[in-house]
Amino acid sequence: MTASNPTSSETPLIIWAVSDGRAGIEAQVVGLANAVARKRPARIIVKRVGWKSWIGRLPWWLNLAPRSFLTPESDLTPPWPDLWIAAGRATLPLSIRVKGWSKKKTYVVQIQDPRMPTRLFDLVIPPRHDRLAGDNVFPITGSPGRVNADRLAGDLEHFKAELEPLPRPRVAVIIGGKSKAHDLSVERAAAMAREIELPVAQEGGSVMVSFTRRTPEPARAILAARLKHLPGVIWDGEGENPYFAYLAAADYILVTEDSTNLATDAASTGKPVFVLKMEGESLKFRLFHEDLESLGAARPFGGAFHSWQYPPLAETDRAADEVLRRYDERGERPVPG
């Protein structure tokens, strides 16, 4: 899978966006790679790491010859890229060695807290709520994502016929699901549906509902059944995903509290974001939501809609600027041995 920015005759950067292919993780590496490519000509190659058998579950310090245990589909072979942007535990044994394999050509960027010494990477970009610090650490609010003005406008135009007739206020309802810290039971889904239904009905608006792969099927069924009588659309997972179009068309955005990616995407629109409570608790997510609140982007959902304004979150572009700044500076001084 490749993408490019052909707007300049300048030799493009070769960027590998590396993950294990899980949607939420891949969205971060591709989002940051795309942001870099918007600022400088680049060719992006998406790499999905797969491990044979149990090898991928080994701690990074025990996986001593990682390329020997990759599936053929991983395709991690020279020529090596200029920029390696990776995220997720599966990539760690590779990220710490690619500089050696490339004879120091490749600049290595690791997204998220790798939970290992950051000096093993050129740059680490964790969420601020992980409270990681260091000379080569660049914390951001939330996570890198794929939301930008062009993407929103393009997807909105693509789904125009379906979304334009919907009455305002339009409410995008983005539902996550089960994670290490949170869950969405049938009981909580039913209560959530009631919380959403009343203000939409009172204001005469409409809903645009999107679920994720992590949404438990019983919770999905309850929410769809309880909200289907309202004006709007509920994506059933078939056909093209209207997720970005829903964000673009919305006047208000409701997002469950379990996902950094979903809340970051929502806050990147500059529209009022309301956080829906789930079952479970997490200090890191509480700090993340407090960060969004301090920026004026999000508030807990209290059963009513109201408007406010704030500068759209632009952390992905800020991270891309930092990647390019450090990449360029590296060429101005000797690379340490």
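In what follows, the structure referred to is the one given above.
Read on for an overview of the structure. (Residues numbered from 1 in each chain as written. Predicted model: local features only at pLDDT ≥ 70, side-chain atom pairs only at ≥ 80, totals over all residues. Heavy atoms only, no water.)

Topic: unusual backbone geometry
Logical step 1: Residue Pro79 follows Pro78 across a cis peptide bond; omega there is 5°.
Logical step 2: Position of Pro79 relative to the elements: it lies in the loop between strand E3 (42–48) and strand E4 (83–87).
Logical step 3: Between Arg168 and Pro169 the backbone carries a cis peptide bond, its omega angle lying at 0°.
Logical step 4: Mapping Pro169 onto the fold places it in the loop between helix H5 (160–163) and strand E7 (170–175).
Logical step 5: At Lys103, a residue that is not glycine, the phi angle is positive and equals roughly 55°.
Logical step 6: If you trace the backbone, Lys103 turns up in the loop between helix H3 (98–101) and strand E5 (107–111).
Logical step 7: Judged by relative accessible area, which is 72%, Lys103 ranks as exposed. (Helix = DSSP H or I, 4+ residues; strand = E, 2+ residues; numbered from the N terminus. Buried < 20%, exposed > 50% of the residue type's maximum accessible area, 1.4 Å probe, protein only.)

Focus: the pairing of strand E12 (residues 273–276)
Logical step 1: Across the two faces of E12 the burial is the same, with Val273 and Val275 and Phe274 and Leu276 all buried.
Logical step 2: Direction of pairing for strand E11 (residues 252–256) relative to E12: parallel, over a ladder of four bridges. Directly across from Val255, in E12, lies its bridge partner Val275.
Logical step 3: Sheet analysis places E12 next to strand E14 (residues 298–300), joined by three bridges and oriented parallel. Each residue of the ladder has a partner; that of Val275, found in E14, is Pro300. (Pairing = 2+ DSSP bridges.)

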